[in-house]
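Now for the letters of each chain:
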Amino acid sequence: MDQPNAIIHQPVRLKIMAALKPLPPGELLEFVRLKTIVGATEGNLGAHIATLEEAGYLNVEKDFHAKRPRTRVALTKDGRRAFEDYVADLRSIIGADS
Amino acid sequence: MPLTSNEAAQTLRDITQTERRSAKAYGYNTASPHLMLWGVIWMIGYGIDYARPQWSAVWIPLVVIGSLGSFWIGWRMRSGTARRSDWRHGATALAVVLFVSALFAVIPPRTGLQAAAFFPLLVALFYALIGIWLKAPRMLMLGAAVAALTLFGFFELPALFAIWMAVVGGGGLLLGGVWLRNV
């Protein structure tokens, strides 16, 4: 295993997955908070969220809160498993080389 | 191109860093409304203690209201499948009640002032422990501040302790909640 999951293995998408991983399963994180943690621009973050959603790794919910549009995202079961596999792959690369 | 061992190690470090930042922000945002709620409860409770010391039983409904409020906030803040009750919340509250009851049975407070100072110190201890274990420095600072303010009021302003705790203790929790919300 020399090349881990290509969908996750992209700096912004990796940070999105890592930011959502510590939350309780199914817990949604607001887009604005995710933007602060990841440190990406709105457009860039939105595009990468869409990629992860298409892969079935993220659940995206859009609604209105206090009369303002709100976007929230959460890891899906598949997303959590894929991220755990990705981390395991990274560890195996380190282990294989040492 | 295959990933090298160094690149994999760097990626793992990036992941750990982001996970820590996210967990800390989540913890602060979760704690914030609880702190604000209990800040208001303290202001009311200690305020009544000061104005009408004979009404100290008011703490019972206030604690019940605060506990129900905290439970409601916790449930409301969670979303999606995360919105499930966790028996550990109830078990933790029960353990604290049993501990305090046992402690007071063994070492009963001799004055109302001692009892009034005990609970803020207990709260300060919880904040400090949360801060230490979750590596959340703001919680640790809040715990230290609550403890310091309580001790100052107890030793330096015993006659004004209730109003001191209402304004400085309750106000401090309220401001602490606002402080954590903006992380």
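Cut-offs applied
- Residues numbered from 1 in each chain as written.
- Chains lettered and ligands numbered in written order.
- Predicted model: local features only at pLDDT ≥ 70, side-chain atom pairs only at ≥ 80, totals over all residues.
- Heavy atoms only, no water.
- Contact = heavy atoms within 4.5 Å.
- Buried area = accessible area lost by both parts, 1.4 Å probe.
- Salt bridge = Lys/Arg side-chain N within 4 Å of Asp/Glu carboxyl O.
- Helix = DSSP H or I, 4+ residues; strand = E, 2+ residues; numbered from the N terminus.
- Expected span 1.5 Å × (residues − 1).
- Buried < 20%, exposed > 50% of the residue type's maximum accessible area, 1.4 Å probe, protein only.
- Pairing = 2+ DSSP bridges.
- Patch = residues over 30% accessible without salt bridge, like charges linked within 9 Å, V, L, I, M, F, W, Y side chains within 5 Å.
- Areas by Shrake-Rupley, 256 points an atom, 1.4 Å probe, with all protein chains shown as cover.
- Core = buried A, V, L, I, M, F, W, Y, C linked by side-chain atoms within 4.5 Å.
- Polar contact = N/O pair within 3.5 Å; in protein donor to acceptor, adjacent residues only side chain to side chain.

1. What about the interface of chain A and chain B?
1) Next: Across the contact, 27 residues belong to chain A and 25 residues belong to chain B.
2) Next: Summing the contributions of chain A and of chain B, the shared interface buries around 2,200 Å²; its carbon and sulfur component is 63%.
3) Next: Of all residues in chain A, Glu27, Arg33 and Ile37 of chain A give up the largest surface area on contact with chain B, accounting jointly for 23% of the area buried on that side.
4) Next: Counting the contacts that link chain A with chain B gives zero salt bridges.

2. Some details on helix H2 (residues 59-77) of chain B
1) Next: Between its first and last C-alpha, H2 of chain B extends 26 Å over 19 residues, near the 27 Å set by a 1.5 Å rise per residue.
2) Next: Where the residues of H2 of chain B are buried, they touch helix H1 (5-51) of chain B.

3. So, the pattern of salt bridges
All names here are of chain A.
1) Next: This model, assessed by the stated rule, comprises five salt bridges over all chains.
2) Next: With a shortest N-O distance of 3.6 Å, aspartate 63 and arginine 72 are connected by a salt bridge.
3) Next: Owing to a relative accessible area of 15%, arginine 72 belongs among the buried residues under this scheme.
4) Next: The residue arginine 81 makes a salt bridge to aspartate 78 at a minimum N-O spacing of 3.3 Å. Of this pair, arginine 81 and aspartate 78 both sit in helix H4 (residues 77-97), separated by three residues, roughly a single helical turn.
5) Next: A relative accessible area of 46% places arginine 81 in the partly exposed class.
6) Next: For aspartate 78, a relative accessible area of 44% corresponds to the partly exposed category.

4. Re the pairing of strand S2 (residues 58-65) of chain A
Residue and element names in this part refer to chain A.
1) Next: Sheet topology note: the S2/strand S3 (residues 68-75) ladder contains eight bridges and is antiparallel. The residue bridging aspartate 63 from the neighbouring strand is arginine 70, located in S3.
2) Next: The turn joining S2 and S3, which pair antiparallel and follow one another in sequence, is formed by two residues; a positive phi near 50° is taken by alanine 66.

5. Quick notes on a nonpolar patch on the surface
Residues and elements named next belong to chain B.
1) Next: On the surface, a cluster of nonpolar side chains totalling about 810 Å² of accessible area is made up of Leu125, Phe126, Leu129, Ile130, Ile132, Trp133, Leu134 and Leu140.
2) Next: Of all the elements, helix H4 (residues 112-133) adds the most residues to the nonpolar patch, at six residues.
3) Next: Mapped onto the elements of the fold, leucine 125 is located in helix H4.
4) Next: Under the relative-accessibility criterion, leucine 125 is labelled partly exposed at 44%.

6. Considering the sheet that holds S3 of chain A
1) Next: Strand order in the open sheet formed by three strands is S1-S3-S2 (chain A), with antiparallel pairing between adjacent strands. A single partner strand is all that each edge strand has here, and the edge strands are strand S1 (29-30) and S2 of chain A.

7. A short note on the nonpolar core
One recurring pattern in soluble globular proteins: nonpolar side chains tend to sit buried together.
1) Next: One finds Ile16, Leu34, Leu45, Ile49 and Phe83 of chain A to be the most contacted residues of the largest nonpolar core, which totals 33 residues.
2) Next: When residues in this core are grouped by element, the largest group, seven residues, is from helix H1 (residues 11-20) of chain A.

8. Observations concerning the environment of aspartate 49 of chain B
Residues and elements named next belong to chain B.
1) Next: Here aspartate 49 lies in helix H1.
2) Next: Aside from chain neighbours lying at most four places away, what touches aspartate 49 is Ser56, Trp59 and Ala162.
3) Next: Side chain to side chain, aspartate 49 and tryptophan 59 meet in a polar contact 2.8 Å long.

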